[in-house]
Amino acid sequence: MTTSNNESALQFKHVIYSDGATPIINNVTGFFPKGKITTLVGPSGAGKTTLFRLCNGLISPDSGEIIVDGKDINEYEPTELRRTVGLALQSATMLSGSVYKNLSMPLTLKGEILSEEKAINLLIDVGLGSEYLQKNVKDLSGGQRQKVSIARTLVNKPKILLLDEITSSLDRVSQQDIEELIKRINNRSEVTIIWITHNLQQAVSIGDYTWVMMSGKLIESGESSLLNNPQNKSVKRFVQGEIE
Amino acid sequence: MNFLGLALSLIFVLIPIVLSRTLNLGLERDTIIATVRSIIQLLAVGYILTFVFGSDNYIYIILMIALMIVAATQNARKKGATIQGITWKLIGTFIFVEILTQAILLGFHIIPATAQYIIPISGMVVGNSMVLSILFLNRFTAEVETRQDETELILSLGGTPKQAVQTSLITSIKASLIPTIESQKTIGLVQLPGMMSGQIIAGADPVQAVQFQLLILFLLLTTAAVTSIMLGFLSYPTLFNKQMQMLKIREDS
Ligand SMILES: Nc1ncnc2c1ncn2[C@@H]1O[C@H](COP(=O)(O)OP(=O)(O)O)[C@@H](O)[C@H]1O
Ligand SMILES: [Mg+2]
């Protein structure tokens, strides 16, 4: 296992984050390889979402360092960090209004305009047709919202894309659609992807690399195949479904 | 009206108390407290005003306005307990609104610079500013709470705190202004405004009373708009820290 800088898009060094006295991220040290898909698994409450919020700068660690693309997160302007490290959530929160309004939002925030043509290209890219552009987000299915949410995050051209259980509430077909989409994005643009999933099969099939977190700690990390044959006893129990 | 008249007017207090007792509404205690408080407070104000009008000293006018602002702040701050430093933001807003309105009224000689005019008008301005603050704070804290996901979404896409709370802010400012504007549309049709009624009963020329009432109405439009907007722009930054992160909403009051 190597931790050299030029191979990692994102690095954690002794990161601690607590809510009052309760540690939620408990001394995490590790890295996410550049340009790869890393899957992040662990029982619910392990601190996975919190880890993402730390990377995107929505919260700050109590201590330790987080290094994004070779630079400590404190050296970024908050808005710059958040554009560099894009975040898409299971909830796929939409702003009320049209799909176009949602896709434009990242540029609107910068005082720029997203041309309809570019918006349509994005929609086609995520597997939705141009007819979706003027649709109201209220009329979208879960899978369609998820695609719009991913496309919206991509508008910022992030170097790192954080995906938090984006397929968890979707049916089989939409799930495969999105898996294909993420692989395509990863192949094409060298975006580093970190994907939280509770589907272990998905974690192995999609991931190049995998992190296993439990109770705020990084228990194991390495090639995704590690999940097929875990060394650590807790990871073994988790993989066998004994820990939810 | 003399004190006998005032004493007899207590009949109007007895009626709701008897009704409350009969129907078990449980409102007797509050009704009595409200009555006693209003008697003491208003009589005290009456005597204080007599003194201030007689003394012709600006210090007393300023003192009275300060007192109004303290009382208004005391009332409104509970509604904004989740906003840091709300007490000072309210005081700042009330002072600003008061100075702005008086500067226009006195500067253009719309009213004479005497206690008789300044104090009642200040009372209405500060009182309305207080009501508007309460309306605004109620709505704003609720909006911020229900729109947390949206706020964090905008932050996570690279938005600034101001952009992230803009919808909450605008919605709350608008919502708090609507009652003032709406009530002016029907004014005079359903009921005569209290101040105007009072003046007419006291023997003033109705047209003169109307002119004054109009002045007050227009004044309250400014009061309402300036209060909500100023309080809004003072309040929203306290929801975020320097790293543009949303602070946890404080649960304590
Ligand atoms: N904002 C918060 N305040 C307090 N506790 C939180 C907060 N967010 C998460 N937690 C707690 O932190 C732990 C980790 O949560 P989370 O990161 O959501 O885990 P996961 O995504 O792995 O399920 C949980 O015990 C959760 O209750
Ligand atoms: Mg989670």
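Quick caveat: nothing in here was measured; it's all calculated off a predicted structure.

1. Here's the deal with the packing of helix H3 (residues 99-108) of chain A against helix H5 (residues 142-154) of chain A
Residue and element names in this part refer to chain A.
And step 1. Orientation of H3 relative to H5, taken along the N-to-C sense of each, is 30°, at an axis distance of 7 Å. Put simply, H3 runs roughly parallel to H5. Both H3 and H5 take part in a crossing whose hand is right-handed. The segment H3 lies against H5, with Val99, Asn102, Leu103 and Pro106 engaging Val148, Ala151 and Arg152.
And step 2. For the contact of H3 with H5, the per-class residue count stands at five nonpolar, one polar and one charged.

2. Quick word on the interface of chain A and chain B
And step 1. The interface is formed by 21 residues belonging to chain A together with 16 residues belonging to chain B.
And step 2. Both sides together, the interface formed by chain A and chain B hides about 1600 Å², and carbon and sulfur atoms give 55% of it.
And step 3. Taken as a group, A:Leu58, A:Arg82 and A:Leu109 account for 35% of the area that chain A buries against chain B, more than any other trio of residues on that side.
And step 4. Inspection of the chain A/chain B interface yields one salt bridge.
And step 5. The closest approach of N and O atoms between A:Arg53 and B:Glu152, which form a salt bridge, is 2.5 Å.
And step 6. In this assembly, chain A and chain B are joined by nine residue pairs in polar contact (both at pLDDT 80 or more).
And step 7. Put simply, the parts of the chain that give the side of chain A that touches chain B at least two residues each are helix H2 (78-84), H3 and H5 of chain A.
And step 8. For the side of chain A that touches chain B, the element with the highest residue contribution is H2(A), accounting for four residues.
And step 9. Residues belonging to the side of chain A that touches chain B are distributed by class as follows: eight nonpolar, eight polar and five charged.

3. Quick word on the site of ligand 1
And step 1. Taken together, A:Asp19, A:Ile24, A:Pro43, A:Ser44, A:Gly45, A:Ala46, A:Gly47, A:Lys48, A:Thr49, A:Thr50 and B:Lys248 make up the full set of residues near ligand 1.
And step 2. Take A:Ala46: an N or O atom from its main chain is 3.2 Å from an oxygen atom of ligand 1.
And step 3. In this structure, an oxygen atom belonging to ligand 1 sits 3.0 Å away from a main-chain N or O atom of A:Gly47.
And step 4. Sort the elements by how many residues they give to the shell around ligand 1 and helix H1 (residues 48-55) of chain A lands first, with three residues.
And step 5. Here the residues of the shell around ligand 1 are counted per class, giving three nonpolar, five polar and three charged.

4. Here's the deal with the side chain of A:Asn56
And step 1. With respect to the element layout, A:Asn56 can be found in the loop between H1 and strand S4 (63-68).
And step 2. On the basis of relative accessible area, A:Asn56 is assigned to the buried category, the value being 0%.
And step 3. Among the polar contacts made by the side chain of A:Asn56, one reaches the main-chain carbonyl oxygen of A:Val85 at a distance of 2.7 Å.
And step 4. Once you skip the residues sitting within four places of it in the chain, A:Asn56 turns out to touch A:Leu81, A:Arg82, A:Val85, A:Leu87, A:Leu162 and B:Ser156.

5. Concerning the pattern of salt bridges
And step 1. Under the defined criterion, the tally for this structure stands at 12 salt bridges over all chains.
And step 2. Ionic pairing is found between A:Arg188 and A:Asp125, a salt bridge with its closest N-O pair at 3.0 Å. Of this pair, A:Arg188 sits in helix H6 (residues 172-189) while A:Asp125 is found in helix H4 (residues 116-125), placing the two residues 63 residues apart along the sequence.
And step 3. Overlapping salt bridges bring together B:Arg139, B:Glu143, B:Arg147 and B:Glu150 as one network.

6. Quick look at the domain arrangement of chain B
Accessible area lost upon the coming together of the parts is a frequently used measure of interface size.
Residue and element names in this part refer to chain B.
And step 1. Once the domains are mapped, chain B shows domain 1 (1-55) and domain 2 (56-239).
And step 2. The straight-line distance from the C-alpha centre of domain 1 to that of domain 2 is 27 Å.
And step 3. Contact with domain 1, which involves seven residues of that partner, is made by eight residues of domain 2.
And step 4. At the boundary of domain 1 with domain 2, total buried surface from both sides reaches about 640 Å², with 78% on carbon and sulfur atoms.
And step 5. Ranking the residues of domain 1 by area buried against domain 2 places Val52, Phe53 and Ser55 at the top, with a combined share of 67%.
And step 6. Counting across the interface, domain 1 meets domain 2 through zero salt bridges.
And step 7. Across the contact surface, domain 1 and domain 2 share one residue pair in polar contact (both at pLDDT 80 or more).

7. Quick notes on unusual backbone geometry
Residues and elements named next belong to chain A.
And step 1. Phi at Asn27 takes a positive value of approximately 60°, unusual for a residue other than glycine.
And step 2. Structurally, Asn27 can be placed in strand S2 (residues 22-33).
And step 3. The phi angle at Asp69 is positive, at roughly 55°, despite the residue not being glycine.
And step 4. You can see Asp69 is positioned in the loop between S4 and strand S5 (71-72).

8. A look at the packing of aromatic side chains
Residues and elements named next belong to chain B.
And step 1. The full count for this structure, using the stated rule, is eight aromatic pairs over all chains.
And step 2. Seen from their ring centres, Phe136 and Phe140 are 5.3 Å apart, and the 15° between their planes marks the pair as stacked. With Phe136 and Phe140 both in helix H6 (residues 115-146) and four residues apart, this pair spans about one turn of that helix. Take Phe136 and Phe140: they sit in the same class, and that class is buried.

Definitions and limits used
Going along each chain's sequence as written, the residues are numbered from 1 onward. The order in which chains are written sets their letters, starting at A; the order in which ligands are written sets their numbers, starting at 1. Per-residue local features are limited, in this predicted model, to residues with pLDDT of at least 70; the limit for side-chain atom pairs, both in listing and counting, is 80 or more; totals at the level of whole chains, interfaces and linings are taken over all residues. Hydrogens and waters are ignored; side-chain quantities use all the structure's heavy atoms. Note on definitions: angles span 0 to 180 degrees between N-to-C directions of axes, and those axes are lines fitted to C-alpha atoms, for helices only across the stretch in contact. Helical segments are the DSSP runs of H or I of at least four residues, strand segments are the runs of E of at least two, and each set is numbered from the N terminus. An angle below 35 degrees is treated as roughly parallel, one above 145 as roughly antiparallel, one from 65 to 115 as roughly perpendicular, and anything else as oblique. Here is the rule for handedness: rotate from the far helix to the near one, and if that takes an anticlockwise turn smaller than a right angle the crossing is left-handed, while a clockwise turn gives right-handed. By the convention used here, residues are in contact when the closest approach between their heavy atoms is within 4.5 Å. Polar here means any residue other than Ala, Val, Leu, Ile, Met, Phe, Trp, Tyr, Cys and Pro, which are nonpolar, and Asp, Glu, Lys and Arg, which are charged; Gly is therefore polar. Summed over both partners, the accessible surface that disappears when two parts come together, traced with a 1.4 Å probe, is what is meant by buried area. Every case where a carboxyl oxygen of Asp or Glu lies within 4 Å of a side-chain nitrogen of Lys or Arg is listed as a salt bridge. Residues adjacent in sequence count toward polar contacts only when both atoms are side-chain atoms; beyond that, a polar contact is any pair of N or O atoms within 3.5 Å, and within protein one must be able to donate a hydrogen and the other to accept it. Any residue with a non-hydrogen atom lying within 4 Å of a molecule or strand is treated as near it. Accessible area is worked out with a 1.4 Å probe on protein chains only. A residue is then buried under 20% of its type maximum, exposed over 50%, and partly exposed in between. Source of the domain bounds: an automatic or database domain assignment. Working definition: rings of Phe, Tyr and Trp (its six-membered ring) pair if their centres are within 6.5 Å, and the pair is stacked with planes under 30 degrees apart, edge-to-face with planes over 60 apart, and tilted otherwise.

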